[in-house]
Amino acid sequence: MQTGLITRGINNIYSVESQGNAYLCRIKGKQLFQVTDEYNPLAVGDQVTFVLTNEGEGLIIERLERRNCFQRWNAKKGCNQTVVANMDLVVCISSVESPPFRPRFIDRVIACSRKVPVMIVLNKSDILLTEEEHERFSLYGELGYQTMAVSAASGENLERLHEVLKGKTVAFVGQSGVGKSTLINRLLGSEQKTGEISHKYNRGRHTTNHALLLHGPDFTIADTPGVREFLVPHTDPHELSDAFPEFMEFASSCTYEGCLHQGEPGCKVMEAVEQDLIHYDRYESYLRMLASLDEKKPEWMGKNDRSKSWIKRMERDESQEY
Ligand SMILES: Nc1nc2c(ncn2[C@@H]2O[C@H](COP(=O)(O)OP(=O)(O)OP(=O)(O)O)[C@@H](O)[C@H]2O)c(=O)[nH]1
Ligand SMILES: [Zn+2]
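Keep in mind the model is a prediction, meaning the values are calculated, not measured.

Caption draft 1: Summary view of the UniProt feature "binding site: Zn(2+)" (unreviewed entry) in the protein chain. Cross-referencing UniProt, the feature "binding site: Zn(2+)" (unreviewed entry) maps to Cys 254, Cys 259, His 261 and Cys 267 in the present numbering. Mapped onto the elements of the fold, Cys 259 is located in the loop between helix H7 (248–251) and helix H8 (268–274). Judged by local crowding, Cys 259 falls into the buried class, with 22 C-beta atoms found within 10 Å. Summarising the element assignment, His 261 is placed in the loop between H7 and H8. C-beta crowding within 10 Å serves as the criterion here: with 26 such atoms nearby, His 261 is assigned to the buried category. Leaving out residues up to four positions away in the same chain, His 261 has contacts with Phe 247, Ala 251, Cys 254, Cys 267, Val 269 and Met 270.

The following block contains the structure:
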């Protein structure tokens, strides 16, 4: 039996890397499926134990414990889906234009990143953000997230990004069209490597439709499919505020223990929003995610005047939801 790393998985056939060799593996029996209520028992980045069956082929026996993961809600299947596991960093790629800067998307990426630090990279910095967008982007830095504006086209800040990634295994996530593939090609430095993969797996011409681990000389990137949106994984709603570190200093003074900051009397987080100590748009992001966990409108909706003003704002913006 040996230990290996999942580098790719399609139709229940997994590429497993172990001591410099690659194996194609299936899962032994139904074992792994029973230990999880997730969409997929294994994700790119998982460590597994496996036994060899044929030359270059094997059977996966066990998934080793994950230290972290990036997880989303799969609405079609009605369960959580792990996109990648065991990363040193999740790099959320956003862009200035096509698609436009979407802070709500970034907020969701943060909420989908469980126990793993998030860096926010703004690509296409050769184009300018509006002042309001720039303020919202800068906010992430103020909240403690590492941020960087880069341009895969002009090469601006790519060396700095390279330095940050050095020695790490990182996940690249982002909306379709933000320039993830262009960035990865520039960063891995060898068109050859990604060229070979694009030939082999038909990437490049098509949108990536599964996660894939790509080794460069200085770091490893887990490329993930470009998406329109990420729904946050379904968990205890109290865990959602982990993705909003700016709530913390106020949340500890909320009247109710276990306050979900959605209209409860004596909620200090809501008060802080009203006093502009917390950015209203981040708070709205929070409320939307909270509502999505319930798949229904939250209880507070319409109960008081404060919440009524939020409903109006949220309904007006519904088309903007990403
Ligand atoms: N102006 C500008 N355009 C860029 C930059 N980086 C990428 N693009 C363009 O953005 C478009 C999308 O780039 P891709 O690399 O295919 O985007 P992607 O995120 O991989 O998209 P998916 O494959 O759908 O996930 C292409 O037309 C690129 O030329 C940049 O730094 N500046
Ligand atoms: Zn509260």
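What follows continues from the structure just given.
Caption draft 2: How the structure looks around the environment of Pro 103. Considering the arrangement of structural elements, one finds Pro 103 in helix H2 (residues 103–112). With 67 residues separating them along the chain, Pro 103 and Val 170 place their C-alpha atoms 21 Å apart. Not counting residues within four places of it along the chain, the set of residues in contact with Pro 103 comprises Arg 136 and Asp 281.

Caption draft 3: Structural view of the pairing of strand S7 (residues 79–85). Judged by how many residues are buried, S7 sits mostly within the fold: six of seven residues are covered. Examined bridge by bridge, strand S6 (residues 69–74) and S7 share six bridges and lie antiparallel to one another. Across the sheet, the residue bridging to Phe 70 is Val 84, located in S7. Count of turn residues in the S6/S7 antiparallel hairpin: four residues, of which Gly 78 carries a positive phi of about 65°.

Caption draft 4: Inspection of the sheet that holds S6 at higher detail. If you walk across this open sheet you meet the three strands as S7-S6-S9, and the pairing is antiparallel. Only two strands of the sheet have a single partner each, and these edge strands are S7 and strand S9 (113–114).

Cut-offs and rules
- Residues numbered from 1 in each chain as written.
- Chains lettered and ligands numbered in written order.
- Predicted model: local features only at pLDDT ≥ 70, side-chain atom pairs only at ≥ 80, totals over all residues.
- UniProt positions renumbered as here; feature names shortened; annotations may be inferred.
- Helix = DSSP H or I, 4+ residues; strand = E, 2+ residues; numbered from the N terminus.
- Buried ≥ 20, exposed ≤ 12 C-beta atoms within 10 Å, placed from the backbone.
- Contact = placed C-beta atoms within 7 Å.
- Pairing = 2+ DSSP bridges.

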